[in-house]
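# Overview (structure and organization)
Listed here are the chains, written in short residue letters.
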Amino acid sequence: YLVNNDNCQKGVDIMEEAKKKGSTYLDAYFNIKYADFLKNCEAQMPERSLEFAKKGQELLKENIKIQPNYTRNWILLGGFTNVLAEGEKDPLKKQELIKELNSYFEKASQLSPKRQEVLTEWAKGMLVAENYQRAKELAQQCIQFNYALPDCHWLLGLSELLLGNTTEGEQSVKTAVQWGYDAESSGSLNQLAKIYSAKKDYQKLAEVYEKLVQLKPKEAQYHASLAFTYKELKQYDGARKEALIVLELMPEAREEVEVFLQTLK
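An account of the accompanying structure is given in this report.

Criteria and thresholds
Residues numbered from 1 in each chain as written. Predicted model: local features only at pLDDT ≥ 70, side-chain atom pairs only at ≥ 80, totals over all residues. Heavy atoms only, no water. Helix = DSSP H or I, 4+ residues; strand = E, 2+ residues; numbered from the N terminus. Expected span 1.5 Å × (residues − 1). Buried < 20%, exposed > 50% of the residue type's maximum accessible area, 1.4 Å probe, protein only. Contact = heavy atoms within 4.5 Å. Core = buried A, V, L, I, M, F, W, Y, C linked by side-chain atoms within 4.5 Å. Disulfide = S-S within 2.5 Å. Salt bridge = Lys/Arg side-chain N within 4 Å of Asp/Glu carboxyl O.

## Let's talk about unusual backbone geometry
The phi angle at Lys200 is positive, at roughly 55°, despite the residue not being glycine. Inspection of the secondary structure assignment puts Lys200 in the loop between helix 10 (186-198) and helix 11 (202-215).

## Quick word on helix 3 (residues 49-66)
Each α-helix winds once per 3.6 residues, and so residues spaced three or four apart point in a common direction. For helix 3, which comprises 18 residues, the first-to-last C-alpha distance of 26 Å matches the rise-based estimate of 26 Å (1.5 Å per residue) to within 8%. Residues of helix 3 that are buried: Ser49, Phe52, Ala53, Lys55, Gly56, Gln57, Leu59, Leu60, Asn63 and Ile64. Where helix 3 is buried, its residues touch helix 1 (8-19), helix 2 (27-44), helix 4 (71-87) and helix 5 (91-111).

## Thoughts on the nonpolar core
In terms of nonpolar packing, the biggest core is built from 77 residues, with Leu60 and Trp154 touching the most fellow members. Here this core takes eight residues from helix 4, the largest share from any one element. If we ignore the near neighbours within four places in the chain, the residues touching Trp154 are Ser172, Val173, Ala176, Tyr181, Ala183, Ser188, Gln191 and Leu192.

## What to know about the environment of Lys55
Assignment of secondary structure puts Lys55 in helix 3. Given the relative accessible area of 17%, Lys55 is considered buried. Apart from residues lying up to four places away in sequence, Lys55 is in contact with Glu16, Tyr34 and Leu38.

## Some points on the state of the cysteines
On inspection of all chains with the given rule, the structure shows two disulfides. Covalent S-S linkage joins Cys8 and Cys41, the inter-sulfur distance amounting to 2.1 Å. Residues Cys8 and Cys41 are joined by a disulfide whose S-S torsion is about -105°; by sign, that bridge is left-handed. Separated by 33 residues along the polypeptide, Cys8 in helix 1 and Cys41 in helix 2 bring together distant segments of the chain.

## What to know about the pattern of salt bridges
Following the criterion strictly, the structure yields 18 salt bridges and no others. The salt bridge partner of Arg72 is Asp36, with a shortest N-O separation of 2.8 Å. Linking Arg72 in helix 4 with Asp36 in helix 2, this pair joins segments that are 36 residues apart in sequence. Measuring nitrogen to oxygen at the nearest pair gives 3.6 Å for the salt bridge that ties Glu137 to Arg134. Taken as a pair, Glu137 and Arg134 lie in helix 7 (residues 132-145) at a separation of three residues, close to a single helical turn. Among the ionic contacts, a cluster of salt bridges with common partners joins Asp36, Arg72, Arg115 and Glu117.

Below, the structure written as structure tokens:
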């Protein structure tokens, strides 16, 4: 109830207290439920996603010893490892995590060859690994099993965009939306922002950040990113306006904002 009603911290505290009471015959069930809660909490509290992912990975590593043939254990374990790999700054450690997540999804695929959740989570891992061709192949397999699943089209769209196939990528994104994918959520928009930033497509990037500042008007980083993007587009009035909003939200950033303002023509 707490996790589903935006009170993750209290929910997690209750689960931690229960965990401390020791091992019982319900451990496998308890761990999978706790892992599900942590997955939900990642979306609610993205600033703590690495903390939740580490805990989730720990729980699922216990579970694959108890129930090695239960597919969902491997899917969730792979999903948490995706998050850890994305947040890892050390290239060598990141590569180790990518090897791990591949092994988890390979096992899940052996247990449930046509389960689409395996393919979507694996494709996400391949995007983290920057293996965009493999992510595309997994998304295409997912579509073959069930064309109506929007997540498959969304991941295919992201893969195509990252491979430089803009027309195909945008079409797949539109198809995902047609089948019900929420492309206007902060998570989806942040995914697009990373792609358009890497491609230096500042017009599309500006459109994404404009939506993000509408969703979260108090998030200074979104305003700062939009100010930088406007500057690249030579929309100096817009850049100045967004920079002043950053200053209003973060008075301690006055020096950086003033330096930025001086660069505007």
